[in-house]
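Given next are the chains, with one letter for each unit.
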Amino acid sequence: MEHSIGYNGRYSNTVLYHPTQPDTLIYNNGRLLVIESLHDKHKQEFLRGHDMEISCITVSNNGRLMASGQLGTQFQRTAEAPVILWNYETRKPIAVLKGMMECVEQLAFSPDDRYLAGVGRNNTFVIWDTQDGTPIHTRITEQIFTMLAWGDILTDANPKHPTYTLIQGNRQQIFINKLEFDISSMQYLLKQSTCQLPNTGLQRDYTFTRARGDLLLAGTQSGEVCVFSINS
């Protein structure tokens, strides 16, 4: 097959540009992960590994890693929705990350690409170590997170084991998480705090999130941008 057209846009996180190769487009065609040149539509590469439609794609900040999640499989007794971690240069899978069910909704690499956070439709929240594919944090939440973004990395207290900022949210609440290294247990632990909201609440459906420095920007389906202070 020389050329394929078939992107349906069913899932919002399934088409993006490569961060260091702006002429390269990455998207899904059903269960295929497609890498395509913008200047030559016939220059396509197809990465195979999923057995169901891909529902989420993300690329690491340095462009060396890709991660793609899928719908829950219909070929096993349980509807597992694996995430495949890819090597962009070799186009080969590095690891198959487990823990999600039904559908992978969101994926995001940490700023240094050391960790990958993911949210599943079954209210599962997982953080994996991209070096060996092991989960360092798993949690079942009461509601599914519709917002997921990494903030700045803090190296002041412990340069060898920095502190990571991770933002989550849903219609009712915004959470500011700190992924900190605990010396006593020699592992990273997630500490969660909530953002202050108006007394009347702030019921919003968030469509995108960006965190830089102290500012958290959250866009909504109503055409608003909500601004939060990460530090306070």
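Before reading further, recall that the structure is shown in the block above.
This write-up is about the structure you can find in this document. Each residue is numbered by its place in its chain's sequence as written, counting from 1. Given that this is a predicted model, residues contribute local features only at a pLDDT of at least 70 and side-chain atom pairs are listed and counted only at 80 or more, while totals for whole chains, interfaces and linings are drawn from all residues. Working from all heavy atoms in the structure, the side-chain values ignore hydrogens and water.

A short note on the packing of aromatic side chains
Argument step 1. Two rings from Phe, Tyr or Trp (for Trp, the six-membered ring) form a pair when their centres sit within 6.5 Å of each other. Planes less than 30 degrees apart are called stacked, planes more than 60 degrees apart edge-to-face, and all others tilted. Under the criterion given, the structure shown has eight aromatic pairs.
Argument step 2. Taking the centre distance of 6.1 Å and the plane angle of 85° together, the rings of Phe-125 and Phe-145 count as edge-to-face. With Phe-125 in strand β11 (residues 124-129) and Phe-145 in the loop between β12 (135-140) and β13 (147-154), this pair connects stretches of sequence that are 20 residues apart. Accessibility classification places Phe-125 together with Phe-145 in one group, the buried group.
Argument step 3. With a centroid separation of 5.9 Å and 75° between ring planes, the pair formed by Phe-145 and Phe-175 is classed as edge-to-face. Pair noted here: Phe-145 is in the loop between β12 and β13 and Phe-175 is in strand β15 (residues 174-182), with a separation of 30 residues, a long-range link.
Argument step 4. The class for Phe-145 is buried, based on a relative accessible area of 5%.
Argument step 5. Clustering of aromatic rings is evident, with ring pairs tying together Tyr-115, Trp-150, Tyr-164, Phe-181 and Tyr-188. For the purposes of this entry, the term helix denotes a DSSP run of H or I that reaches at least four residues, the term strand denotes a run of E that reaches at least two, and both are numbered from the N terminus. The cut-offs for exposure are 20% and 50% of the maximum accessible area for each residue type, with area from a 1.4 Å probe on protein chains only; residues under the lower value are buried, those over the upper are exposed, and the others partly exposed.

Focus on the pairing of strand β6 (residues 65-70)
Argument step 1. Across the six residues that make up β6, a large majority, six, are buried.
Argument step 2. Residues Leu-65, Ala-67 and Gly-69 line one face of β6 and the alternating positions Met-66, Ser-68 and Gln-70 line the opposite face, and both faces are buried.
Argument step 3. One ladder, built from five bridges, connects strand β5 (residues 54-59) with β6; its direction is antiparallel. Looking at the pairing, Val-59 lines up with Met-66 of β6.
Argument step 4. Count of turn residues in the β5/β6 antiparallel hairpin: five residues, of which Gly-63 carries a positive phi of about 80°.
Argument step 5. Any two strands with at least two DSSP bridges between them are considered paired. When β6 meets strand β7 (residues 83-87), the two strands line up antiparallel, connected through five bridges. Within β7, the position partnered with Leu-65 by the bridge is Asn-87.

Comments concerning unusual backbone geometry
Argument step 1. Residue Arg-91 is not a glycine yet carries a positive backbone phi of 65°.
Argument step 2. Relative to the helices and strands, Arg-91 resides in the loop between β7 and β8 (92-97).
Argument step 3. Its identity is not glycine, yet Asp-113 carries a phi of approximately 65°, on the positive side.
Argument step 4. A residue is classified by how much of its surface remains accessible, and Asp-113, at 7% relative accessible area, is buried.

So, the sheet that holds β11
Argument step 1. Strand order in the open sheet formed by four strands is β9-β10-β11-β12, and the pairing between neighbours is antiparallel. A strand with exactly one partner marks an edge of an open sheet, and here the two such strands are β9 (104-109) and β12. The mean inter-strand angle of the sheet, taken between neighbouring strand axes irrespective of direction, is 10°.
Argument step 2. Two elements, strand β10 (residues 115-120) and β11, share five bridges in a ladder whose sense is antiparallel. Of the residues in β11, the one forming a bridge with Gly-118 is Val-126. Only C-alpha atoms enter the line fits that serve as axes; for helices the fit covers just the stretch in contact. Angles between N-to-C directions range over 0 to 180 degrees.

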